[in-house]
Amino acid sequence: MSKVEEFEELRPLLFSIAYRILSSVGEAEDAVQETWLRYDASVTRPVSTKAFLSTTVTRISIDVLRSARVRREEYVGPWLPEPLLSDPYQDPARSAELADSVSMAALLLLERLSPLERSVFVLREVFAFGFDEVASAVGRSEAACRQLLVRARRHMEAGRPRFEADRRERQELATRFFDALRSGDVGGLRNLLAADVSMVGDGGGKAPQLARAVMGAEQVARLLGTVFPLMSRVDVTFEPREVNGQPGAIFRDRDGKVLHTLALDVLGGRIHTIRAVINPDKLGHIGPVADAWAIDQEVKRARRQAD
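Residues numbered from 1 in each chain as written. Predicted model: local features only at pLDDT ≥ 70, side-chain atom pairs only at ≥ 80, totals over all residues. Heavy atoms only, no water.

Peer 1: Looking at this structure, how should I read the overall build of the protein chain?
Peer 2: Helix and strand counts for the protein chain come out as 12 helices and 6 strands. A globule of 307 residues ought to have a C-alpha radius of gyration of about 19 Å, and the protein chain, at 21 Å, matches this closely. Over its C-alpha atoms, taken along the principal directions, the protein chain stretches across nearly 70 × 40 × 35 Å. Split into buried and exposed, the 307 residues of the protein chain put 51% on the buried side. Taking as baseline every contact in the protein chain between residues at least 6 positions apart, the subset at least 24 positions apart corresponds to 67%. Carbon and sulfur atoms make up 49% of the accessible area of the protein chain, which totals about 14,500 Å². (Helix = DSSP H or I, 4+ residues; strand = E, 2+ residues; numbered from the N terminus. Rg over C-alpha atoms; globule rule 2.2 N^0.38 Å. Buried < 20%, exposed > 50% of the residue type's maximum accessible area, 1.4 Å probe, protein only. Contact = heavy atoms within 4.5 Å. Areas by Shrake-Rupley, 256 points an atom, 1.4 Å probe, with all protein chains shown as cover.)

And the structure:
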């Protein structure tokens, strides 16, 4: 195989590693491209192309994450990962781990870890790399990597939900949720939400967003049941889609441009968290991005007319 063919065969894996470390589609794609440039420039062929490329993309991602953490501390409003519609890497033997590790909830838990802990956890727990491979990738001893993994597992387990929904249950509940949203059925929405449900929006100061998280089934149901009918008046539509492996949707303006994504966390037969990514910088990989400010003004006019 040529260098290009070897690299393209491994590209899905490289992207999936980088995305889980960085929580950013754009930064992950950049890390993969930089990995290719380094591989293409190398004079000798490595004994294991997979090991060389995985090590390279991991080290690049660690460096990027270290600088990104500073920017995230200064972020305007709640920070959420960039939405991922489909994971390019597939491994039937590890499908459960792969799906769980890319969810918004899991990526936010990973934010609690140091860059090294995060990388070790991703390589070992998600992709089942051997400790020798992990140690080579992060430039630490195997013993140090085992300790990093112990700390990472402790943080991750502390934040995990006590019970989870199966895929079919999640999808059925999501279908009912989006049917109720489409019709503005506040009561129907309320019945699907956990009592302590929270709704969070990430606009990054670049799009209209909630001033703070909305908490409680009554408040969230009323907000959704009131706002979406107004949005539909200005021709905003949505298409249910998986977002980060969870039930969700893409909202679009009348021209089909992306307004925001919505992702649902379903646990124990109820929706516990609703996360909306509205920041236009995080949506460009999905398609042309809508002018959220202009739509916000249209919605406000529609509300005044309704009143």
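Peer 1: Even after reading the chapter, I still don't get the packing of helix α1 (residues 3–22) against helix α6 (residues 115–126), so can you show me in this structure?
Peer 2: The relative placement of two packed helices comes down to the angle between their axes together with the axis-to-axis distance. The contact between α1 and α6 brings their axes to 9 Å, and the two run at 135 degrees. By the angle between their directions, the pair α1 and α6 is classed as oblique. Read as a crossing pair, α1 and α6 show a hand that is right-handed. On the side of α1, the interface is formed by Ile17, Arg20, Ile21 and Leu22, while α6 contributes Arg118, Ser119, Val122, Leu123 and Val126. Split by residue class, the contact of α1 with α6 holds 6 nonpolar, 1 polar and 2 charged. (Axes fitted to C-alpha atoms, helices over the stretch in contact; angles between N-to-C directions. Parallel < 35°, antiparallel > 145°, perpendicular 65-115°, else oblique. Left-handed = near helix turned anticlockwise from the far one by under 90°. Nonpolar A, V, L, I, M, F, W, Y, C, P; charged D, E, K, R; others polar.)

Peer 1: Would you take a moment to explain the packing of α1 against helix α2 (residues 25–41) for this structure?
Peer 2: As a packed pair, α1 and α2 sit with axes 8 Å apart at the nearest point and diverge in direction by 145 degrees. Here α1 runs over α2; the crossing is right-handed. Here α1 contributes Lys3, Val4, Glu6, Phe7, Arg11, Leu14, Phe15, Ala18, Tyr19 and Leu22 to the contact with α2, which in turn contributes Val25, Glu27, Ala28, Glu29, Ala31, Val32, Thr35, Trp36, Tyr39 and Asp40. In the contact of α1 with α2, the residues fall into 13 nonpolar, 1 polar and 6 charged.

Peer 1: Whenever I open this one, the environment of aspartate 91 confuses me. Can you help?
Peer 2: Along the polypeptide, aspartate 91 turns up in the loop between α3 (49–73) and α4 (95–101). As for aspartate 91 and phenylalanine 127, which are separated by 36 residues in sequence, their C-alpha atoms are 9.1 Å apart.

Peer 1: Teacher, can you tell me more about α1 here?
Peer 2: Taken as a whole, α1 carries its principal kink of about 45 degrees at arginine 11; the proline proline 12 stands between one and four residues after it. Among the 20 residues of α1, 14 are classified as buried, and the element is accordingly described as predominantly covered. Serine 23 occupies a position one or two residues after α1 and carries a positive phi of about 60 degrees. (Bend = angle between axes of the 7 residues up to and from the residue.)

Peer 1: Explanation requested: the packing of aromatic side chains in the structure shown.
Peer 2: Any aromatic ring pair is given by two values, namely how distant the centres are and how the planes are angled relative to each other. Taken as a whole, this structure holds 10 aromatic pairs when the rule is applied. Between tryptophan 36 and tyrosine 39, the ring centres sit 6.2 Å apart and the planes meet at 70 degrees, which makes this aromatic pair edge-to-face. Here the residue tryptophan 36 and the residue tyrosine 39 both occupy positions in helix α2, the gap between them amounting to 3 residues, near one helical turn. The two residues tryptophan 36 and tyrosine 39 agree in class, both being buried. Aromatic side chains phenylalanine 178 and phenylalanine 238 sit 5.4 Å apart centroid to centroid with 40 degrees between the ring planes, which places their arrangement in the tilted category. With a gap of 60 residues between them, phenylalanine 178 in helix α9 (residues 167–183) and phenylalanine 238 in strand β3 (residues 237–243) connect regions that are remote in the sequence. Pair check on accessibility: phenylalanine 178 and phenylalanine 238 agree, each one buried. Following the ring pairs from residue to residue traces out a cluster consisting of Phe177, Phe178, Phe228, Phe238 and Phe251. (Phe/Tyr/Trp six-rings, centres within 6.5 Å; stacked < 30°, edge-to-face > 60°.)

Peer 1: Is there a simple way to think about unusual backbone geometry in this case?
Peer 2: Backbone geometry follows two general trends: most residues other than glycine have a negative phi, and most peptide bonds adopt the trans configuration. Phi at serine 23 takes a positive value of approximately 60 degrees, unusual for a residue other than glycine. For serine 23, the location among the structural elements is in the loop between α1 and α2. For serine 23, a relative accessible area of 1% translates into the label buried. Despite not being glycine, asparagine 244 shows a phi value in the positive range, around 55 degrees. Turning to its location among the elements, asparagine 244 is positioned in the loop between β3 and β4 (246–252).

Peer 1: Help me understand the nonpolar core, please; the structure alone is not making it clear to me.
Peer 2: Generally speaking, soluble globular proteins have nonpolar side chains that are buried together. One finds Ile17, Tyr19 and Phe127 to be the most contacted residues of the largest nonpolar core, which totals 46 residues. Among the secondary structure elements, those contributing two or more residues to this core are α1, α2, α3, α5 (104–110), α6, α7 (131–138) and α8 (142–159). Here this core takes 10 residues from α1, the largest share from any one element. Residue contacts for tyrosine 19: discarding those within four places in its chain leaves Ser24, Val25, Ala28, Pro81, Glu82, Pro83, Leu84, Val102, Leu107 and Asn244. Within the second largest apolar cluster, 39 residues are counted, among which are Leu192, Val197, Ala217 and Ala221. (Core = buried A, V, L, I, M, F, W, Y, C linked by side-chain atoms within 4.5 Å.)

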